[in-house]
Amino acid sequence: MKQLSAMLLSVLSLPAFAQDFSDKITIVIHGGAGTITRANMSPEKEKAYKAALNEALQKGYAVLKKGGTSVEAVEATIHVMEDSPLFNAGKGAVFTNDGKNELDASIMEGKTLKAGAVAGVTNIKNPISAAIAVMNKSEHVMMAGAGAEKFAKEQGLEIVDPSYFYTEARFKALEKAKATDKQELDHDAKEEKQIRKAPKTGGLLKEELIFTEGRKFGTVGCVALDKYGNLAAGTSTGGMTNKKYGRIGDAPIIGAGTYANNATCAVSATGHGEYFIRSVVAHDISALMEYKGLSLESAANEVVMKKLVERGGEGGIISLDRNGNIAMPFNSEGMYRGYVKGDGKSEVLIYKD
Ligand code: ASP
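Residues numbered from 1 in each chain as written. Predicted model: local features only at pLDDT ≥ 70, side-chain atom pairs only at ≥ 80, totals over all residues. Heavy atoms only, no water.

1. Some thoughts on the overall build of the protein chain
Here is step 1 of the chain: Helices and strands together make up the secondary structure of the protein chain, namely 10 helices and 13 strands.
Here is step 2 of the chain: By residue count, 58% of the 353 residues in the protein chain fall in the buried class.
Here is step 3 of the chain: Taking all contacts inside the protein chain whose residues are at least 6 apart in sequence as the whole, residues at least 24 apart take part in 71%. (Helix = DSSP H or I, 4+ residues; strand = E, 2+ residues; numbered from the N terminus. Buried < 20%, exposed > 50% of the residue type's maximum accessible area, 1.4 Å probe, protein only. Contact = heavy atoms within 4.5 Å.)

2. Considering the site of the ligand
Here is step 1 of the chain: Taken together, Phe 217, Gly 218, Thr 219, Gly 239, Met 240, Arg 247, Gly 249, Asp 250, Thr 270, Gly 271 and Gly 273 form the complete shell of residues around the ligand.
Here is step 2 of the chain: Contacts to the ligand include Thr 270, whose side-chain N or O atom sits 2.8 Å from an oxygen atom.
Here is step 3 of the chain: Taken by itself the ligand offers 270 Å² of open surface, and the protein chains cover 99% of this.
Here is step 4 of the chain: For the shell around the ligand, the class distribution of residues is two nonpolar, seven polar and two charged. (Near = heavy atom within 4 Å. Polar contact = N/O pair within 3.5 Å; in protein donor to acceptor, adjacent residues only side chain to side chain. Areas by Shrake-Rupley, 256 points an atom, 1.4 Å probe, with all protein chains shown as cover. Nonpolar A, V, L, I, M, F, W, Y, C, P; charged D, E, K, R; others polar.)

3. Overview of the environment of Ile 285
Here is step 1 of the chain: Here Ile 285 lies in helix α9 (residues 281-292).
Here is step 2 of the chain: Spatially, the C-alpha atoms of Ile 285 and Ala 299 are 5.2 Å apart, while their sequence positions differ by 14 residues.
Here is step 3 of the chain: When residues no more than four places from it in sequence are discounted, the contact partners of Ile 285 are Cys 265, Val 267, Ala 299, Ala 300, Val 303 and Ile 317.

4. Concerning the nonpolar core
Here is step 1 of the chain: With 52 residues, the main nonpolar core has Ile 27, Phe 87 and Ile 107 as its most contacted residues.
Here is step 2 of the chain: Here this core takes eight residues from helix α2 (residues 43-65), the largest share from any one element.
Here is step 3 of the chain: By size, the runner-up hydrophobic cluster in this structure holds 35 residues, among which are Ile 285, Leu 296, Ala 300 and Phe 330. (Core = buried A, V, L, I, M, F, W, Y, C linked by side-chain atoms within 4.5 Å.)

5. Describing the sheet that holds strand β9 (residues 266-271)
Here is step 1 of the chain: Sheet architecture is open: four strands sit in the order β8-β9-β10-β11, paired in antiparallel fashion. Where the open sheet ends on each side, the last strands, each with one partner, are β8 (258-260) and β11 (326-327).
Here is step 2 of the chain: Across six bridges, the pairing between β9 and strand β10 (residues 315-320) is antiparallel. The residue bridging Thr 270 from the neighbouring strand is Gly 316, located in β10.
Here is step 3 of the chain: Packed onto the sheet, α9 meets β8, β9 and β10 and runs at close to 30° relative to β8.
Here is step 4 of the chain: Across the sheet, helix α10 (residues 296-311) touches β10 and β11, and the angle it forms with β10 is around 165°. (Pairing = 2+ DSSP bridges. Axes fitted to C-alpha atoms, helices over the stretch in contact; angles between N-to-C directions.)

6. Thoughts on the side chain of His 30
Here is step 1 of the chain: In this structure, His 30 sits in strand β1 (residues 26-34).
Here is step 2 of the chain: Within the structure, His 30 has its side chain in polar contact with the backbone oxygen of Thr 219 (distance 3.3 Å).
Here is step 3 of the chain: Excluding residues within four positions of it along the chain, His 30 makes contact with Met 81, Thr 219, Val 220, Gly 221, Ser 268, Ala 269, Thr 270, Ile 318, Met 335, Tyr 336 and Arg 337.

Rendered as structure tokens:
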């Protein structure tokens, strides 16, 4: 009897039969939501955004294909968007009221429920990597300002002069926001009228592409499922143009802008941060799945298309579950978004229809 129970115990303590998720690997991204319509989109602008989104997706997909983890895929994908001036994250981040760039980022791992975040950092080239370092190399979840910068430097992350984040387009957007004393959500649709032709090429200058884009929340985010069946979510942003007094948005707040749990889903959000924080958007989607047994799609729609709309919160989310199901609802006019699935099926979308 003793022998039998010992045998049973040893069998039970064997690692659970590892399911292979190779055919389910998936990567999903967003590059911000807002007033993005066909009417205010030029072919050049559309091409530039689609190319950047595709590049980011393919980078992350290659990591997953090679057997990398979902956290590694999220990091590689977000790097591409942080390094592109087209998005409000890393290079291309919006300006604060004092004319600075203060960046927020976070990461969460669905298997361990470990998370990391940085907020209000000014000299870390890729804030998503700093968030990952906080998760993996510190005993904390969130670090802010000078302390986070010191930690990132100690971890050997790339530190840049704050002027690296300057782009003329975002600076002009700040001047305009200040003139009206408004806290702008990245861009205003009226700027569309100011499209100018680049003198020599006849095409739009890169900075003009950004400046004329229409109001949008240019935050970037990524959710991924790796071949080990583990989900991860990450978000990176410059926040809101003309933000004041150390304002922190939803992006670095676990449960608001970012959440991942293998039992439910991975979520990354973009939109008016204050509303997303108060509605605890990312965790609410996960909770609806966990407590109410809703599907990913129903849970995501309930929060983004109902609750947020009722409360006046504009924006959207990308989300992914362990079966490779995707939901990308947004209540604004458009959202830069895309995915690549295990079978290689890939799509990049911008508009509602
Ligand atoms: N959610 C971000 C914030 O409020 C803005 C954005 O999505 O672009 O900081």
